[in-house]
Amino acid sequence: MTRAAAPPLLSIRDLRVELGGSPILNGVSADLARGRVTALIGLNGSGKTTLLRALVREYPYRGTVRFFCGHDHSRPTPEHIGYVPQRLTLDARLPLTVKDLMALALARRPLFLGVSKATAARIAGLLERVGMSGHLDRPVEGLSGGQLQRVLLALALDPQPELLLLDEPAAGIDFKDQQKFYDLIADLNRRSGVTVLLVSHELTMVSRHADHVLCLRDGKIQCEGPPREVLTPDNLAQTFGTEMHFHHHH
Ligand SMILES: Nc1ncnc2c1ncn2[C@@H]1O[C@H](COP(=O)(O)OP(=O)(O)O)[C@@H](O)[C@H]1O
Ligand SMILES: [Mg+2]
């Protein structure tokens with residue numbers, strides 16, 4: 001399926017980031033097409049997470065990042081970006097229910113005050129969007145990896161983002177749940193038109209769900225284009241620095 005070119009929602013020009021005195025991003029330029037899914041691939045340590053964290057202004061950068069979405073993004077933390085960070089070894093033994101965890105994140109008030117009706121309704125609506133209705137009162141520690149990622153995705157959907165940044169959202173999840181998770185992202189993208197930037201090593205999923213692929217190497221975009229053109233053995237060898245084979249799905 002080829003979709004017509006879309007205007008950029010986000011335009012990145014000559015982005016440079018230094019961390020601990022070392023250059024990590026060395027002049028990244030890319031456009032994220034509005035309403036499309038863009039995948040970001042590259043070796044571990046190539047700077048994928050750094051790029052996402054620069055976009056949400058967690059890291060200082062040089063260069064320009066411009067949003068074309070009709071909102072004022074000159075303030076430090078753009079509200080219209082939903083960000084699911086790369087899975088930290090979150091201590092999932094929290095003695096909290098899904099509802100409590102989400103209430104803490106959304107309402108920013110102590111739990112002993114109780115969850116307001118409005119917040120409870122907001123939480124129920126968000127869980128429904130990620131296929132997790134009915135898990136409201138489940139303890140977080142009992143969730144599978146895939147379920148926990150859905151809860152984190154639900155949090156990123158509030159308030160209605162125009163851009164979703166997903167950093168290896170399905171890493172460490174078993175294959176079947178991984179597929180379902182990518183289907184969910186595709187479904188959210190189709191239904192709400194949210195623009196997605198997805199870091200992923202799952203090239204089969206990238207091929208199936210991304211409209212555009214960015215390959216990061218040595219802190220620069222080394223190649224980009226539709227999956228069919230980009231996920232070739234030559235490009236993959238250059239991006240990953242090793243021989244890699246990949247079969248396209250029709
Ligand atoms: N806070 C930091 N201080 C110094 N170096 C960092 C920091 N965070 C990441 N790095 C380095 O930046 C490089 C890119 O990291 P990262 O963006 O996490 O890569 P990726 O997500 O592609 O695996 C790595 O070499 C990493 O060690
Ligand atoms: Mg990373």
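Keep in mind that this is a model prediction, so the values were computed, not measured.

(A) Structural context of the pairing of strand β1 (residues 8–19). Sheet topology note: the β1/strand β2 (residues 22–33) ladder contains nine bridges and is antiparallel. Residue pairing across strands places Pro 8 opposite Ala 33, the latter belonging to β2. The hairpin turn running from β1 into β2, its antiparallel successor, is two residues long, and Gly 20 in that turn takes a positive phi close to 55 degrees. As judged from the five bridges shared by β1 and strand β4 (residues 62–67), these two strands associate in the antiparallel manner. Across the sheet, residue Arg 13 finds its bridge partner in β4, namely Thr 64.

(B) Spatial organisation of the nonpolar core. If you look at the biggest cluster of nonpolar residues, it comprises 47 residues, and the most contacted ones within it are Ile 41, Met 102 and Leu 153. Of all the elements, helix α4 (residues 145–156) adds the most residues to this core, at six residues. Summarising the domain contributions, this core has at least three residues from each of domain 1 (8–90 + 161–240) and domain 2 (93–142). Excluding its chain neighbours within four sequence positions, the residues that come into contact with Met 102 are Ile 123, Leu 126, Leu 127, Val 151, Ala 154 and Leu 155. By size, the runner-up hydrophobic cluster in this structure holds 26 residues, among which are Leu 10, Ala 30, Ala 54 and Val 199.

(C) Structural view of the sheet that holds β4. Spatially, β2-β1-β4 is the arrangement adopted by the three strands of the open sheet, whose pairing is antiparallel. Strands with a single pairing partner mark the edges of an open sheet, and in this sheet they are β2 and β4. For this sheet, the mean inter-axis angle between neighbouring strands, taken without regard to orientation, is 15 degrees. Where helix α1 (residues 48–55) meets the sheet, its contacts fall on β1, β2 and β4, and the angle it forms with β1 comes to roughly 115 degrees.

Here is what the cut-offs are and how they apply
- Residues numbered from 1 in each chain as written.
- Chains lettered and ligands numbered in written order.
- Predicted model: local features only at pLDDT ≥ 70, side-chain atom pairs only at ≥ 80, totals over all residues.
- Heavy atoms only, no water.
- Pairing = 2+ DSSP bridges.
- Helix = DSSP H or I, 4+ residues; strand = E, 2+ residues; numbered from the N terminus.
- Core = buried A, V, L, I, M, F, W, Y, C linked by side-chain atoms within 4.5 Å.
- Buried < 20%, exposed > 50% of the residue type's maximum accessible area, 1.4 Å probe, protein only.
- Domains from an automatic or database assignment.
- Contact = heavy atoms within 4.5 Å.
- Axes fitted to C-alpha atoms, helices over the stretch in contact; angles between N-to-C directions.

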